[in-house]
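Here are the chains, one letter per residue:
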Amino acid sequence: MNYDAMASGSSDPLFLERLDTFMEGTLADIKAFADREFRPLEETLRFVAEWHARNLFRPTRQDDSTQDRTSRGLSLNVDVRE
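Model, not experiment: these values are computed from the prediction. (Residues numbered from 1 in each chain as written. Predicted model: local features only at pLDDT ≥ 70, side-chain atom pairs only at ≥ 80, totals over all residues. Heavy atoms only, no water.)

Asks: Would you take a moment to explain the overall build of the protein for this structure?
Replies: If you tally the helices and strands in the protein, you get four helices and zero strands. When the helices and strands of the protein are read in sequence order from the N terminus, they spell out α-α-α-α. Within the span of the protein, comprising 82 residues, buried residues form 15% of the whole. Intrachain contacts of the protein at a sequence separation of at least 6 include 41% that bridge at least 24 residues. For the protein, the accessible area works out to roughly 6,600 Å², and carbon and sulfur atoms hold 58% of it. (Helix = DSSP H or I, 4+ residues; strand = E, 2+ residues; numbered from the N terminus. Buried < 20%, exposed > 50% of the residue type's maximum accessible area, 1.4 Å probe, protein only. Contact = heavy atoms within 4.5 Å. Areas by Shrake-Rupley, 256 points an atom, 1.4 Å probe, with all protein chains shown as cover.)

Asks: Explain helix 3 (residues 41–56) to me, please; I cannot follow it from the model alone.
Replies: Three- or four-residue spacings in an α-helix give side chains the same orientation, since the helix completes a turn every 3.6 residues. Along its 16 residues, helix 3 runs 22 Å from first to last C-alpha, staying within 8% of the 22 Å computed at 1.5 Å per residue. When helix 3 is considered as a whole, its buried residues turn out to be Glu43, Thr44, Val48, Trp51 and Asn55. Within helix 3, the buried residues cover an arc of 135° as seen down the axis, which keeps them to one side. (Expected span 1.5 Å × (residues − 1). Arc of directions from axis to C-beta.)

Right under this line is the structure:
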């Protein structure tokens, strides 16, 4: 990922490096999921992008419990398969 523009304004220069590492791991997980589901990676990435777009601007509550967050995370598996 290219974060050059953001890095110049970041107060924590290692944040973007950690984010990149995290996202690479996430991408590897998505690839593995697509393989397990016998789905093309491009199709799976499209479903993940659609899920992300639906949830990106959804209002969040400050008092979300761990179970609420886990339930939302598990919805990714349901949404991608549909």
